Amino acid sequence: MTIQTENPLQSLIDAHTAGKAEPAWLSELRADAADSFAALGVPTVRHEEWRYTSLKSLLALKLAPAAHAAVLDADLKPYFIAGADDIRLVFVNGHFDAALSKLPTLPQGLLVAPLSSQFRTDDEGLPSKLARYADHHAQPFTALNMALFSDGAYIRAGRDAQLETPVHVLYVATAPQATAPRTLLLAGENAGLTLIESFVGLGKAAGFCDAVCEIVLQQGAHVQHTRLLRDGVAHHIGWNEVRQDRDSNYTHNSISLQAQLARNDVNVMLTGEGANCTLHGLVLGAGSAHVDNHIIVDHVRPRCVSKQLYRSVVDERARSVFSGKVIVRPGAAGTDAQQQNNNLLLSDDARADTKPQLEIYCDDVKCSHGATSGQLDAAAVFFLRSRGLDVQQARNVLTYAFANEIIEQVTIEPVRAHLEDVMRQRFHGLLGD
Amino acid sequence: MSKETIQSLAEAEYKHGWVSNVDADQLPPGLSEDIVRAISAKKNEPEWLTEWRLKAYRHWLTMTEPEWQKPKYPKIDYQGIIYYSAPKKKPTVTSLNEVDPELLETFEKLGISLDEQKRLTGVAVDAVFDSVSVKTTFREELSKQGIIFCSFSEAVTDHPEIVRKHLGSVVPFTDNYFAALNSAVFSDGSFCYIPPGVRCPMELSTYFRINSAGTGQFERTLLIADEGAYVSYLEGCTAPQRDENQLHAAVVELVALKGAHIKYSTVQNWYPGDKDGKGGVFNFVTKRGLAHENAKVSWTQVETGSAITWKYPSCILRGDNSVGEFYSVAMTRDRQMADTGTKMIHIGRNTRSTIISKGISAGHGDQTYRGQVKILKGATGARNFSACDSLLLGDKCGAHTFPYIESQNSTAVIEHEASTSKISDEQVFFLRQRGLSEEDAVSMIVNGFCKDVLSELPMEFAVEAQKLLGLKLEGAVG
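What you are looking at is a predicted structure, and each value in this text was computed from that prediction instead of being measured.

A. The overall build of chain B, seen in detail. Regarding its fold elements, chain B presents twelve helices and 24 strands. Buried residues in chain B amount to 64% of all 478 residues. Put simply, chain B shows about 17400 Å² of open surface, and 49% of that area lies on carbon and sulfur atoms.

Okay, here's the thing in structure tokens:
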């Protein structure tokens, strides 16, 4: 990995670690992560995994360490999801805000809390779980997160525990700061959980959010995970590390609605036989947005099924990147892996780069991938115009239809309805409302 | 498919392994400015070419060996390679009778008897034997049409203005590590020029062999099709059995001027090393074609040999309406590795490209398709279609697909699809039930799998390629 000679992010760590009263295990973890961040450095486009995404604009930012700020309920209103907000954790600039959050009493076996509240009390062994899955020795931004993070959501479901209500975690930034939220979700045997993560920037917050999410599914567990990059997300780097044991089921929906520079990593390891994972992604890019979706699905054990469907719509000078890799390890017989990426370019200055990859070391597999890149079908636009729509309306209807195929995959009804609303606003006045 | 079938498939012997003892005139091993000068002097090259080689050499010194590729190999000792070796008795011949009989026998063994080809098929062969062209047939016939088909060194002497204009114009010596090395030390190669509007009346062909022990082969091919010309060029290779790894770093440059059409076909069957991966040729080649307005560059390759095949025959579609094609079959077995694919760079408007890649992996074979489709901003109306399929025989082999698709133009339409599978037991069962042996069944399925590519080869080659695949699958009767 190429090491930057000057690394402005390094100074954030120094400022952050000073004068913290924390349990020893956490301080050790932080120090270790800080060391590995210093060693790894910030990757440049010469690094294969970052060849389409330059971090120059990030390094040019003047960032302050995250600090408390007051946020009004009304400011966050547009980001609450009606019907899926009964359990809500709000973090403002990385700090838990109890006033904005809703934490009802949960049935036995379930825990939803800020991580910080569990540092000392959790007897189930948070020290042995936190930062044990996402490897901060290999990923510089996972290391940076560990070194910088102050709080995040902790969701745990014991054996057979089912939580029907989605857990909505809102990470809010108010100023050009560097925040490092972290989510840890542990689903026990046959447990069922639904997690929604929203990332929001309020005002003109040209900040940097370095998020990490670790999700562990034990045998037969079900987790639905929806990740929304909302308004005002300036620089976002998110790493999602998922471990799936036997017969578990994981669904991931990643929706990037507006981001200046976003990089979403999803790293799924199918470590148990018959695990099933479904990943969906949508990128709506305009202006000079740059969204990079980076996926690795690692089929370690036999008979796992994985499916990836990512779509991007890029307008103006926006750019989208998709890099999806399926690895089939020796012995992972009966693997069924599909990968699909479709890109819609709406302007001549837009750009879409895609890199769907298969790395297969086993013969008894069914693997395929497909990628397309193109513009709206002229015949379809003409058809709609012949029915009385103007050009812009026709284009919007078709674009909406293209993007909506991903929204339709969101199975949590309130979230889907909410996203459809957001989409309608985006393609304003075109759908008869 | 049974274990034995796979086993025997993977173990069939290399059929072209022998060494012919032709006295060679060699330079000492090692690489330095002096060696580069010596190579140039031995070939009586003009000043400008010596300078060009030296510039390439100096640039090479500043470069580092790439390591992003999938196949890893032991470090090459560039000072241990003999960079120049020429058969001592350089014959100047007008008929086959005057050629060293041992040489002729070698070709006979390869099944490419010049004599027979000359008589029966009308294929002109420029036989390259350890870097120096010893025989060129049909030259007179071609020259009547104004076609120049000769060895690279002859071209430098006889047509310096054309060579100077185009040498390095498609693959500059700064391009990559191995292209720089080749530019510094290339020994010989083929040169071809088709004048405007001429349709080359026969398939041009050249056979490469690597012979003297420890000789790296650094071929350089330059092919220019002037406006509206057409040429189909064949390249085929076999190499004798050796324990030492041999480096082959060739450069092929194709220039298709306005409206020209170049079809370049390769069948490669170099020594792949033994079944434990000892020895074998490193085939690190830079091949690229430049297509001007309305021109077409078409690559077809059947890669069955070499310990490591690492090449990306590419097309730069500079002119409007130009077309690029890439058809490939790659087969790896034992410990063979291949990292191959193409680059299609769309610069002009309405440029089109097609990529069809078929990979077959058996034993411990490991192969990678790596391809880039790049649509630049000005490439309005560009169109690409890519399909990469892999077939796995056995549970120890690997197949990987790494496409890079970059679109900067909204009117461009790009499609890519890939699949990986094995030969299903049902397919084999069906054919066996119809009376075919297991070996024939597998061979038939593999041939069917590769049909889209094989059908792109010129007739003479298609037969050879099919035989080659069959040969590679030989021993399949369990």
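B. Quick look at helix H2 (residues 24–40) of chain A. If you check H2 of chain A, its first and last C-alpha atoms are 24 Å apart, about what 17 residues at 1.5 Å a residue would give, namely 24 Å. Trailing H2 of chain A by a residue or two, Gly41 of chain A shows a phi angle of about 75°, which is positive.

C. Structural detail: the pattern of salt bridges. A complete count under the given rule lists 43 salt bridges over all chains for this structure. Lys358 of chain B is paired through a salt bridge with Asp389 of chain B; the nearest N and O atoms lie 3.1 Å apart. In this pair, Lys358 of chain B is assigned in strand S20 (residues 352–362) and Asp389 of chain B in strand S22 (residues 383–393), connecting sequence segments 31 residues apart. When salt bridges with common partners are traced through the structure, they connect Glu48, Arg51, Arg319, Arg351, Asp353 and Lys355 of chain A together with Lys374 and Glu406 of chain B into a single cluster.

D. Structural view of empty space enclosed by the protein. Residues and elements named next belong to chain A. As enumerated under the stated definition, the model contains nine cavities of 30 Å³ or more in all. Computed from the structure, the largest cavity encloses a volume of approximately 160 Å³. Taken together, 20 residues line the largest cavity, and the ones lying closest to its centre are Ala173, Thr179, Val200, Gly201 and Cys209. Here the residues of the lining of the largest cavity sort into eleven nonpolar, nine polar and no charged.

E. Molecular detail of the pairing of S20 of chain B. All names here are of chain B. A large share of S20 lies buried, amounting to nine of its eleven residues. Where strand S17 (residues 323–332) lies against S20, ten bridges are found, and the strand directions are parallel. Paired with Gly324 across the strands is Ser353, a residue of S20. In the sheet, S20 pairs with S22 via eleven bridges, with the strands oriented parallel. Paired with Ser361 across the two strands is Leu392, which belongs to S22.

F. Expanded view of the interface of chain A and chain B. The partner chain B presents 33 residues to the 35 residues of chain A that form the contact. When the area that chain A buries against chain B is broken down by residue, the three leading residues are Asp348, Asp363 and His369 of chain A, summing to 21%. Inspection of the region where chain A meets chain B yields four salt bridges. Taken together, chain A and chain B are joined by 18 residue pairs in polar contact (both at pLDDT 80 or more). The set of elements that each furnish at least two residues to the side of chain A that touches chain B consists of strand S20 (351–360) and strand S21 (365–374) of chain A. Class assignment for the residues of the side of chain A that touches chain B results in 13 nonpolar, ten polar and twelve charged. By the bridge criterion, seven bridges tie S21 of chain A to strand S24 (residues 413–422) of chain B in an arrangement that is antiparallel. Pairing of Ser373 of chain A across the sheet is with Ile414 of chain B, part of S24 of chain B.

G. Structural view of the side chain of Ser347 of chain A. Structurally, the position occupied by Ser347 of chain A is in the loop between strand S19 (335–345) and S20. We classify Ser347 of chain A as buried; its relative accessible area is 14%. A polar contact is formed between the side chain of Ser347 of chain A and the backbone oxygen of Glu316 of chain A, at a distance of 2.7 Å. Setting aside anything within four residues of it in sequence, one finds Ser347 of chain A in contact with Val314, Asp315 and Glu316 of chain A together with Ser410 of chain B.

H. Up close: the packing of aromatic side chains. Residues and elements named next belong to chain B. Taken as a whole and judged by the stated rule, the model has 28 aromatic pairs over all chains. Residues Trp60 and Tyr78 carry aromatic rings whose centres are separated by 5.4 Å and whose planes lie at 75° to one another, so their mutual orientation is edge-to-face. Taken together, the residues span a long stretch of sequence, with Trp60 in helix H3 (residues 47–62) and Tyr78 in the loop between H3 and strand S2 (85–87) at a distance of 18 residues. Given a relative accessible area of 7%, Trp60 falls into the buried group. Through pairs of rings, three or more aromatic residues link up here, namely Tyr57, Trp60, Trp68, Tyr73, Tyr78, Tyr177, Phe178, Phe282, Phe284, Trp310 and Tyr312. One residue, Arg199, lies across the ring of Tyr230, its end atom 4.0 Å from the ring centre. One Lys or Arg, Arg220, reaches over the ring of Phe186 and ends 5.7 Å from the middle of that ring.

I. Examining the side chain of Ser232 of chain B more closely. Mapped onto the fold, Ser232 of chain B is located in strand S9 (residues 230–238). Those residues in contact with Ser232 of chain B, other than ones at most four positions away along the chain, are Met202, Glu203, Leu204, Lys263 and Pro458 of chain B.

J. Focus on the pairing of strand S5 (residues 153–157) of chain A. Residues and elements named next belong to chain A. Of all five residues in S5, five are buried, a share of seventy percent or more. Because side chains alternate across S5, one face comprises the buried residues Ala153, Ile155 and Ala157, and the other comprises Tyr154 and Arg156, equally buried. Both S5 and strand S8 (residues 182–187) contribute to a ladder of four bridges, which runs parallel. By the bridge assignment, Ile155 is partnered in S8 with Leu185.

Conventions we followed
- Residues numbered from 1 in each chain as written.
- Chains lettered and ligands numbered in written order.
- Predicted model: local features only at pLDDT ≥ 70, side-chain atom pairs only at ≥ 80, totals over all residues.
- Heavy atoms only, no water.
- Helix = DSSP H or I, 4+ residues; strand = E, 2+ residues; numbered from the N terminus.
- Buried < 20%, exposed > 50% of the residue type's maximum accessible area, 1.4 Å probe, protein only.
- Areas by Shrake-Rupley, 256 points an atom, 1.4 Å probe, with all protein chains shown as cover.
- Expected span 1.5 Å × (residues − 1).
- Salt bridge = Lys/Arg side-chain N within 4 Å of Asp/Glu carboxyl O.
- 1 Å grid on protein atoms, 1.4 Å probe; cavity = no way out; pocket = protein on both sides within 12 Å on 5 of 7 lines; lining within 4 Å.
- Points joined across faces, edges and corners; volume = space filled by probe spheres on them.
- Nonpolar A, V, L, I, M, F, W, Y, C, P; charged D, E, K, R; others polar.
- Pairing = 2+ DSSP bridges.
- Contact = heavy atoms within 4.5 Å.
- Buried area = accessible area lost by both parts, 1.4 Å probe.
- Polar contact = N/O pair within 3.5 Å; in protein donor to acceptor, adjacent residues only side chain to side chain.
- Phe/Tyr/Trp six-rings, centres within 6.5 Å; stacked < 30°, edge-to-face > 60°.
- Lys NZ or Arg CZ within 6 Å of the ring centre and 35° of its normal.

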